[in-house]
Amino acid sequence: MPQPAATEPIVELPASEGMHVSGIVFASRELLGDEPGDVFDQVRAVATLPGIVEASYAMPDAHVGYGFPIGGVAATDITEGGVVSPGGVGFDISCGVRLMAAPVALGELHGDQLGRLLDALAALVPHGTGPGGLWKLQRRDLKRLLVEGAELTVAEGHGTEADLARIEDGGRLEGARADVVGKRALERGQSQLGSLGGGNHFLEVQVVDEVIDPERAAAFGLGEDQVVATVHCGSRGLGHQVCSDAIKQLQPAMDRAGITVPDPQLACAPVDSPEGRDYLAGMAAAANFARANRQLIGEAIRDAFEDVLGTRDVRLVYDVNHNMAARERHTVDGRDRELCVHRKGATLALPADSPQLPDDLRPHGQPVIVPGSMGTSSWVLAGDTGRAFASTCHGAGRQRSRAQARKRIHGNTLRDQLTGQGLEVRAKSAAGLAEEAPDAYKDVDEVVRVCEQVGLSRRVARLRPLGVVKG
DNA sequence: ATGTAC
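Quick caveat: nothing in here was measured; it's all calculated off a predicted structure.

### Thoughts on the UniProt feature "active site" (unreviewed entry) in chain A
Move 1: In the numbering adopted here, UniProt assigns the feature "active site" (unreviewed entry) to H394.
Move 2: Residue position: H394 is located in the loop between β16 (391-392) and α12 (402-408).
Move 3: What makes H394 buried here is its relative accessible area of 12%.
Move 4: Those residues in contact with H394 that lie beyond four places of it in its chain are D61, I70, H322, G345, A346, T347, V370 and P371.
Move 5: In this structure the side chain of H394 is engaged in a polar contact, spanning 2.5 Å, whose partner is the side chain of D61.

Quick look at the structure:
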């Protein structure tokens, strides 16, 4: 029997005061917490953007971010003056998650193999802030990579053609231009290609703890007790610099177009304007950098498994990003329209039968990988109804600021706690570890439960962490 | 997220 509407975990914010559409927040009371006002205000502010259609959405893990909520989804109609806003993409352009599955069951790991695997991963994968990357390349090769993405990485011997079919857009986002990426962005990227970074970025070794949907799990190449590796990282300093540069450059365009927004952090430009086009071309370049970055780290993961367990047959299950604006066609108000869909801390979750999916995944819907907080579960989901422009959550969602988290626990205490739970921890910065304490995050199990209840995505399998490498 | 401020 369907649930009565009043108990559905959905909050509607009616259009008012300059809002072109209403706000729709998919969240239970538990996820909203005691003070949801700030994130509601951001959802309402996004609804004032020129050309926005359908609704200003927030996913179940939403929390306050720069201008847009992290967990925000907003689409504008490109042919009707719709805008693109860097704040709707985020500073870490095309930050995302990659899941790789090893041909190894947990029971087959013996002695100190898990610890040695974590040692090998920590030694092979550059992690932490600042420079250091797996692939040192010339400036002209970096510029090529910004256009070709993971395709170039594979062409240069880092991975296989089969990998590309498991990356969004085949690993290469069209429309990227290197000439709009500034000198500082290029400098920062050149020394960081193939690196994890800091903050909430991590590399985990996990085990498939529970299979919820055996048919989809099998189609994704996942079985109970299987050992897997998850990588969460993005476009490092390059994407950050592209975003910062764009925010500065957009203000004149806004003045010229007479666009006013309720918050300077919502700086934007019509998609169909020189500034809008340049931002999207630079954003695509940073997205290609992020895809190549995760591809290189994926190869290093294979190297580590080969060193310790004698196999590099570690398959790429899927690589998703959760910080981008994409040109997509969707039906809105009965019309097929060309939209610019911002997903910031939100993941594309294509439903079954979507033409963009590779043949073998098409009947099942797009795989979505949702990292939990440290020491807690991560989830594999699949696209379901295509609601909210085919979007779903991206993680547990922060509920306490980094500063608040640091006050509550020292990094070394947390490391001892996690180690006491049997987790292998390889962390570069104690302060960084404390900022990512599990209680700084919402309950990821509740986040994915709500996603499933409202039709954003369905649960496929739950992953339990065995060891973590953190910057 | 981030050479955690230019």
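### A word on the protein's contact with DNA strand B
Move 1: By nearness alone, 15 residues border DNA strand B, and R188, Q192, G198, N200 and R402 come closest of all.
Move 2: Per the 4 Å cut-off to the protein, sugar and phosphate atoms form 61% of the nearby atoms of DNA strand B.
Move 3: Between DNA strand B and the protein, one listed contact pairs a phosphate oxygen with a side-chain N or O atom of R402 at 2.7 Å.
Move 4: Going through the elements one at a time, α7 (183-190) and α9 (236-257) are the ones with two or more residues in the surface near DNA strand B.
Move 5: For the surface near DNA strand B, the element with the most residues is α9, which contributes three residues.
Move 6: Residues that form the surface near DNA strand B fall into these classes: one nonpolar, 10 polar and four charged.

### Focus: the UniProt feature "binding site: Mn(2+) 2" (unreviewed entry) in chain A
Move 1: UniProt feature "binding site: Mn(2+) 2" (unreviewed entry): in the numbering of this structure it lies at H232 and H322. In terms of the greatest pairwise C-alpha distance, the residues named above, spread along 91 residues, form a tight cluster of at most 10.3 Å across.
Move 2: Filtering out sequence-adjacent residues up to four positions away, H232 remains in contact with C95, G96, V97, L196, N200, H201, F202 and H322.
Move 3: A polar contact is formed between the side chain of H232 and the backbone oxygen of N200, at a distance of 3.1 Å.
Move 4: By the secondary structure assignment, H322 is in the loop between β10 (315-321) and β11 (323-332).

### Some thoughts on the packing of α7 against α9
Move 1: Interaxial distance between α7 and α9 falls to 7 Å at its minimum, and their mutual angle equals 165°. Of the possible angle classes, the one that applies to α7 and α9 is roughly antiparallel. Between α7 and α9 lies a crossing whose hand is right-handed. Contacts from R184, A185, L186, R188 and G189 of α7 reach α9 at G237, L238, H240, Q241 and V242.
Move 2: In terms of residue class, the contact of α7 with α9 is built from four nonpolar, four polar and two charged.

### Here we look at the packing of aromatic side chains
Move 1: Tallying each qualifying case throughout the model produces three aromatic pairs.
Move 2: With a centroid separation of 5.8 Å and an interplanar angle of 10°, the aromatic rings of F26 and Y57 are classed as stacked. Taken together, the positions of F26 in strand β2 (residues 22-26) and Y57 in strand β3 (residues 52-63) put the pair 31 residues apart, joining distant regions of the chain.
Move 3: Plain terms: the ring middles of Y66 and F91 are 5.2 Å apart, the flat faces sit at 85° to each other, and that makes the pair edge-to-face. Of this pair, Y66 sits in the loop between β3 and β4 (70-77) while F91 sits in the loop between β5 (83-84) and β6 (96-105), and the two are 25 residues apart along the sequence.
Move 4: Judged by its relative accessible area of 27%, Y66 falls in the partly exposed class.

### Considering the state of the cysteines
Covalently bonding the sulfur atom of one cysteine to the sulfur atom of another cysteine gives a disulfide.
Move 1: Within this structure, the stated rule accounts for zero disulfides.
Move 2: Looking at C268, it has no disulfide partner, and the nearest cysteine sulfur is the one in C340, 11 Å off.
Move 3: Given the relative accessible area of 0%, C268 is considered buried.
Move 4: Among the cysteines around C451, which has no disulfide bond, C393 carries the closest sulfur, lying 3.5 Å off.

### As for the environment of R337
Move 1: Along the chain, the position of R337 falls in strand β12 (residues 335-344).
Move 2: Taking the C-alpha atoms as reference points, R337 and T392, separated by 55 residues in sequence, lie 21 Å from one another.
Move 3: Discounting chain neighbours no more than four positions away, the residues touching R337 are V53, D77, E80, E328, R329, H330 and V332.
Move 4: Engagement of the side chain of R337 in a polar contact is seen with the side chain of D77, the distance being 2.7 Å.

### Regarding the pattern of salt bridges
Move 1: Within the structure shown, the criterion is met by 43 salt bridges.
Move 2: A salt bridge links E436 to R398; the shortest N-O distance between them is 2.9 Å. Here E436 is found in the loop between α14 (430-435) and α15 (444-453), whereas its partner R398 is found in the loop between β16 and α12, with 38 residues between them in sequence. Here E436 and R398 have matching classes, each one buried.
Move 3: Two residues, R408 and D439, come together in a salt bridge whose shortest N-O distance is 3.2 Å. Of this pair, R408 sits in helix α12 while D439 sits in the loop between α14 and α15, and the two are 31 residues apart along the sequence.
Move 4: Members of the salt-bridge network, linked through shared partners, are D163, E299, R302, D303, E306 and R312.

Calculation criteria
Residues numbered from 1 in each chain as written. Chains lettered and ligands numbered in written order. Predicted model: local features only at pLDDT ≥ 70, side-chain atom pairs only at ≥ 80, totals over all residues. Heavy atoms only, no water. UniProt positions renumbered as here; feature names shortened; annotations may be inferred. Helix = DSSP H or I, 4+ residues; strand = E, 2+ residues; numbered from the N terminus. Buried < 20%, exposed > 50% of the residue type's maximum accessible area, 1.4 Å probe, protein only. Contact = heavy atoms within 4.5 Å. Polar contact = N/O pair within 3.5 Å; in protein donor to acceptor, adjacent residues only side chain to side chain. Near = heavy atom within 4 Å. Nonpolar A, V, L, I, M, F, W, Y, C, P; charged D, E, K, R; others polar. Axes fitted to C-alpha atoms, helices over the stretch in contact; angles between N-to-C directions. Parallel < 35°, antiparallel > 145°, perpendicular 65-115°, else oblique. Left-handed = near helix turned anticlockwise from the far one by under 90°. Phe/Tyr/Trp six-rings, centres within 6.5 Å; stacked < 30°, edge-to-face > 60°. Disulfide = S-S within 2.5 Å. Salt bridge = Lys/Arg side-chain N within 4 Å of Asp/Glu carboxyl O.

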